[in-house]
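Spelled out, the chains give:
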Amino acid sequence: MPSRPPSRPSRPRPAPLRDRGRPPGPDPVEPAARDDEQRSAPPTAPTPSPGRRARASSSVPSRREPPSAPDRARRDPPSAPVPAVGGRGAVVSTGMVDRLAERAAMRRHRRWRRLAWTLLVLVLVGALAWLAFFSPVLATRADDVRVVGAGSLVDTSEVERIAAEADGVPLPRLDTVSLRTRMLDVRGVKDVAIVRDWPHGLTVRVTPREPVAAVPEQNRYALLDTDGVRVATVTKAPKGVPVVTVPVDGADHHALDAVLAVLGALPEKLSAQVTAVEAATQDTVELTLKGGARVVWGSAQDSALKVRVLEALRAAKQTRDAHVFDVSAPTLPVTR
């Protein structure tokens, strides 16, 4: 085995040029570097003396012990118990999470309760509406329909027939306006009032047209009211209705209008004594009273004043027996 050649002794490396000429020893520290090291180094606490260290160690515990249960009770008083939702048992909760859950449950409970009450009210309203407007509970019965005040000149059977068409219709849904309009078309009817008689009846109050004049017409008499409406046609003039000689369909309708206006202005007592009326024109109206006395009325103007003058003349002792009373000029009456 060949032998290794002897190692050469290591030469010391030459010092850097910046270190040449320095004395051996530790490297000198620049003043600025020393200041930086002092600022960067953490502050050190002063070393206490042995006696002071002993007193500090005896007064400060080495480790902090947890507070006891009584101390915790005095520091943190227990919160008030919260009853459980529903009121069953004595379950209580003291945690914040339990309280929030209970409040949410209470809100849900109130919301469901309001929804339940709303549904209940809607169901009740719907049931009442069905009972009132669609069920037979309040339906009209033809046997419970009454017609009153029709008189002898109104066709009562026609009025009853129209009212009977409401049979089976619930009273709250009954169209009384339509019934009244149709009844007004019946001859002799002046006005109609329909009243519901709960729970199944109707009362029809008829106001008939009262004839005030009987106009001869081809051996018959047309009965007219104060509005000139033909009430009926009869073969004989009713008692108490004066006969008017003006034809109903005559060309001079102004004369007929004047006669009806005069008859409408007479009081009931005086009207009952009129047996006949003649009028060639609207300004020549004459009345015939019971006993044969005649009244020259003239036109329909100032009828109220003429009525008072005529009553005064018939009541006066000097003129009560006169056969002619001319009140056509009421301020200058004449009797003969």
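Whatever comes next refers back to the structure up there.
Everything quoted here is computed from the prediction, not taken from an experiment.

**Q** Hey, could you go over the overall build of the chain for me, with residue numbers and the actual values?
**A** The helix and strand tally for the chain stands at nine helices and 14 strands. Per-residue burial over the chain gives 25% buried out of 336 residues. Put simply, 46% of the contacts in the chain that link residues at least 6 apart link residues at least 24 apart.

**Q** Could you give me a rundown of unusual backbone geometry, with the residues and numbers involved?
**A** The amide bond that connects Trp198 to the next residue, Pro199, takes the cis arrangement and shows omega of 5°. Relative to the helices and strands, Pro199 is located in the loop between β4 (189-197) and β5 (201-208). In this model, Gln218 sits at a positive phi of 55°, which is unusual for a non-glycine residue. By secondary structure assignment, the location of Gln218 is in the loop between β6 (213-216) and β7 (221-224). Overall, Gln218 belongs to the exposed group, its relative accessible area being 74%. Within the chain, Asn219 stands out as a residue other than glycine whose phi angle is a positive 60°. Along the chain, Asn219 falls in the loop between β6 and β7.

**Q** Give a detailed account of the pattern of salt bridges, specifying residues and quantitative values.
**A** The tally for this structure, following the rule as stated, stands at nine salt bridges. A salt bridge links Asp191 to Arg180, with the shortest nitrogen-to-oxygen separation between them at 2.7 Å. Of this pair, Asp191 sits in strand β4 while Arg180 sits in helix α6 (residues 176-184), and the two are 11 residues apart along the sequence. Members of the salt-bridge network, linked through shared partners, are Glu158, Arg161, Glu165 and Arg182.

Conventions used here
Residue numbers run consecutively from 1 along every chain, following the written order of its sequence. Per-residue local features of the predicted model are confined to residues with pLDDT of at least 70, and side-chain atom pairs are confined, for both listing and counting, to 80 or more; whole-chain, interface and lining totals are unaffected and use all residues. Processing note: side-chain calculations cover all non-hydrogen atoms of the structure and skip hydrogens and water entirely. In DSSP terms, a helix is any run of H or I states spanning at least four residues, a strand is any run of E spanning at least two, and both are numbered starting from the N terminus. The classification of residues rests on relative accessible area computed with a 1.4 Å probe and restricted to protein chains. Under 20% of the type maximum is buried, over 50% is exposed, and intermediate values are partly exposed. Throughout, a residue-residue contact means that at least one pair of heavy atoms, one from each residue, lies within 4.5 Å. Any Lys or Arg side-chain nitrogen found within 4 Å of a carboxyl oxygen on Asp or Glu counts as a salt bridge.

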